[in-house]
Every structure is written in structure tokens, then in C-alpha cells.
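Structural description and commentary
The primary structure of each chain is shown beneath.
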Amino acid sequence: MDPISERLRARHPQRIDLSLDRMRALCEALGNPQDKLPPVVHVAGTNGKGSTVALIRAVAEAAGLRVHAYTSPHLVRFNERIRLAGTLITDDALNAILDRVEAAMADTGGQATVFESTTAAGFLAMSETPADLAVIEVGLGGVLDATNVIARPLLSVITPVDLDHAEFLGTTLEGVAGEKAGILKAGARGVVARQSEAAMAVIARRAAEVGSPLTVMGVDFDAWAERGGLVYQDQERFLDLPAPALSGAHQFDNAGVAIAAALELDLPETAIAEGLKAVRWPARMQRLTAGAYADKAQKADAELWLDGGHNPHAARALARALADRQTRAPRPTALIVGMLANKDAGGFFEALKGVDAQVFTVGFEGTAAEPEALAAVAQGRGFGAMAAGSVDAALERALALGAGRVVICGSLYLAGEVLGASRETWPV
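A few points on the structure.

1. Examining the pairing of strand 13 (residues 303–307)
Burial of strand 13 is extensive: 5 of the 5 residues sit out of reach of the surface. As judged from the 5 bridges shared by strand 13 and strand 17 (residues 405–409), these two strands associate in the parallel manner. Across the sheet, residue E303 finds its bridge partner in strand 17, namely R405.

Rendered as C-alpha cells:
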């Protein structure tokens, strides 16, 4: 664990407690930094939030803008969550900002969760660093998420909505969509990804209630893969663009949403094209080419991939990506899977049922599902599955059995451990 994460775990409650009261009080004590940010693009959704943030940031930076970004969780270093005008916050700057946040908490006699305190720290750092745009990712839900103290975003973005975090957001698409739609604000346009009919009805109703005009994928604009590139079309334009530099068919939808947002920001087509080519977002169908794990795979003439998707919607996207790769270059496939204990493992493996793969299950630091229990779930969905003691042991077994394509998946926390053990960490 990196030093900043250790500090936060030692000094702040680890619980998830969705409420804005503590966050509002903390921000008030800090001088309301959330009201002093540059124009904000606020991004909520179940899947694709991080990729969409990365795409919007890449396009805006290609247009010459200085861009703040706030994302979660981190993979290797806590600093990844706060990017100031294009650069990750330094340890010294982050520790100094956290000192001020904790002093404000002491002065008011309040207490904040880890996410609340780090969100306040991010807002404070961003408010004091000149920039042209801030792209802020919701942590969990929307209505009561700590980031939702932002009262006047320039633009709200809602990526695909699906079931996840049922203990906090509910077990129906309508309920989850209602939480995500809580970021829509009066006068701020909402750019909405392709949604199920049930989710879209809730989002549209919320938009009408608060006075947020919507631009909806599949209605007002669309994007698709064509001739090795990406085509974007709305009511005013038809753009022939490069494919996004992120693997998987689902990234064309994410890119379409990011392009619609970029056009709302009046960013030029040239910057959109450059941003699509330049974007990076680790652990989303990322090809690993360096480090001990990648070296072992390369010696066996095998591909090694990493994907942090951890719910059924993400597993469906992974299944489509693997099917596409199998069509172009068939190889025996193995999945190395680790998941948090509170995730829908059954739904995850059900969504992967069309993938012809041997499964190896592993644990990782924290509240991970037991590998033996996870293997039993996979077996119940028709997979050949066995528990392994570690990623390294699972990789060795997969390669010994002749796998030519190995995908480590199921959790961003597992992905962070894999990246931290390799030479491919977060780009600075």
C-alpha cells in the first residue's frame, strides 16, 4: 500500500456512508472550493466512467486546454485520483492539502469518510491551481455522492447504467438510474450514453424536473466502428475519425459520448481526432507488454491482457472484446479472475458464458472472494475452473496448459496489484 493510502486508512473511517451533510460542512470550513473550480464536466454511470473521463481529458488537452481530473479508485498510487492541469498531484502537495482538510475537520468537530476527505482535498487543490476545465468522476451513485456538492456544472455526463453496488443503490435499474441522474442540474446540458428503456425513462424524467436539456446517444447522436476507424454522426455533422486507442467494441460507445461532450465544449474536430489516438486508461482491456508476468507470457508466445471490469455489464463488454479477438486471431484462452466478496460473481460468469476459456481464480489484498468459492461459482456457470494460490501460479498453470491468450480480470483492486508488480504503472 502506498504511503498516502496508509495515511488515509489510519485517520479516516473506512465505511461507505452516502450523505452530503458532512461533505457540505467540510467544504464550508475550507471556503467552498467546489464553487471555485474551472468549468466542470461531471461524469456518473455504472460502467465506462473512467474511460469517458480519460477520453474527454485527452481531447481537451489536444485542444490546448489545461485540464484537472478527479477519478477513483486508484490502481497503484493514490495520487492517480487527482490530476492538476494535466499532471498527477505530488506526494508533498497532497500531504499538505490533506493536512488542511484534517485541520478543517478538527476545527468543526466533524468527521469525514476517506472518499469525502479526499474529494474535498481534490477540490481544494484544483481550486488553487489554474486550469481551463475540470472533469470530475462520481465515486458511487450520484445523488448523495461527495462530488455532488458541485452545484453548477457546465456539463453532466451519464455513462451506461446497470446493476452494481446493490447494497447502496438498490436492486432495480430504475433505482440505480435515479441515483445516477441526481447529477443533472438546472441549465446544465446532460450528455447520456445508450441506455435501457427503463433507465432512460428515469433519466429523462429527472432531466425534465430540474430543467436539464439532454443529448442522448442513439437519438441525438451515434458512433460506430467503420473501416478501421470511428464514425460519429449527429443532426449537424458526420465525422470520420480514428478509432479510440482503447481496446474493445464498448470503447466506441464511450468515445461517442466523449465526442458529444467535446462538441458541447466547442472543441475542434482536429483535437477530437488527436485525443482519440492519444488516450490512455490502464486496466481496461490493456495489453501487458512489460514486467515479470508479461515476460512469462511472451516466452510462451502468449498474449497477456488486464481488465478491471467487475460487474455483469463489464463482463459482457469483455466477452465481446474476446469474441472479436478470437475471430481475428483464434487462441486458446484462459481467464485469471479475482473479485471482491460483495460483487455479483454469478452474474459476472453468466455474462461470460459464451467465452471458451479455462478459469483460474485468485485472491488479493483486502475483502476478496475466496478463490475456492469463486471457482465453484464459475463451475456452476459451466466453466472449467480451479483455484490458484496467486496470479503468478495461475499464469504458470494457464501457460502450461497451452493458453495463448490470458486475461486477468474481475477487479480494479486486482488490476492495481498486477500493475504495481510490473513495470507498467500509471503514466505520469
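2. Details of the packing of helix 2 (residues 21–29) against helix 5 (residues 114–127)
Where helix 2 contacts helix 5, the axes come no closer than 10 Å and their chain directions differ by 35°. In terms of crossing hand, the pair formed by helix 2 and helix 5 is right-handed. Listed contacts from helix 5 to R22, M23 and L26 of helix 2 are E116, S117, T119, A120 and F123. Considering only residue class, the contact of helix 2 with helix 5 consists of 4 nonpolar, 2 polar and 2 charged.

3. Overview of the side chain of T361
The topology assignment puts T361 in strand 15 (residues 357–361). Looking at T361, its side chain comes within polar contact range of the main-chain oxygen of P371, at 2.7 Å. The residues contacting T361, other than those within four sequence positions of it, are V337, P371, L374, A375, M386, A387 and A388.

4. Concerning the sheet that holds strand 1 (residues 40–44)
Read from one edge to the other, the open sheet built from 8 strands follows the order 4-3-2-5-1-6-7-8, with strand pairing classed as mixed. At either margin of the open sheet sits one strand with a lone partner, and together these are strand 4 (87–88) and strand 8 (214–216). Strand direction decides the pairing type here: strand 6 (residues 155–158) and strand 7 (residues 189–192), joined by 4 bridges, are parallel. When the bridges of strand 7 are listed, I158 appears paired with V192. Across the sheet, helix 9 (residues 250–264) touches strand 6, strand 7 and strand 8, and the angle it forms with strand 7 is around 160°.

5. Points about the packing of aromatic side chains
One pass over the full model with this rule turns up 6 aromatic pairs. Here the aromatic rings of F348 and F349 are separated by 5.8 Å at their centres, their planes lie at 85°, and the arrangement is edge-to-face. Since its relative accessible area comes to 0%, F349 is described here as buried. Taken together through their ring pairs, the aromatic side chains of Y70, F115 and F123 make up a single cluster.

6. Notes on the sheet that holds strand 9 (residues 221–226)
The strand order across the open sheet built from 3 strands is 9-10-11, with neighbouring strands paired in antiparallel fashion. One side of each edge strand has no neighbouring strand; the edge strands of this open sheet are strand 9 and strand 11 (238–242). Going from strand to strand, the sheet's axes swing by 20° on average, the running direction of each strand aside. Sitting on the sheet, helix 9 is in contact with strand 9, strand 10 (229–234) and strand 11, with an inclination near 50° to strand 10.

7. What to know about the environment of L230
Position of L230 among the secondary structure elements: in strand 10. For L230, a relative accessible area of 0% corresponds to the buried category. Between the alpha carbons of L230 and R22 there is a distance of 44 Å; along the sequence they are 208 residues apart. Contacts of L230, omitting those with residues within four sequence positions, involve A223, W224, L239, D240, L241, P242, A243, P244, F252, A255 and I259.

Definitions and cut-offs
- Residues numbered from 1 in each chain as written.
- Predicted model: local features only at pLDDT ≥ 70, side-chain atom pairs only at ≥ 80, totals over all residues.
- Heavy atoms only, no water.
- Buried < 20%, exposed > 50% of the residue type's maximum accessible area, 1.4 Å probe, protein only.
- Helix = DSSP H or I, 4+ residues; strand = E, 2+ residues; numbered from the N terminus.
- Pairing = 2+ DSSP bridges.
- Axes fitted to C-alpha atoms, helices over the stretch in contact; angles between N-to-C directions.
- Left-handed = near helix turned anticlockwise from the far one by under 90°.
- Contact = heavy atoms within 4.5 Å.
- Nonpolar A, V, L, I, M, F, W, Y, C, P; charged D, E, K, R; others polar.
- Polar contact = N/O pair within 3.5 Å; in protein donor to acceptor, adjacent residues only side chain to side chain.
- Phe/Tyr/Trp six-rings, centres within 6.5 Å; stacked < 30°, edge-to-face > 60°.

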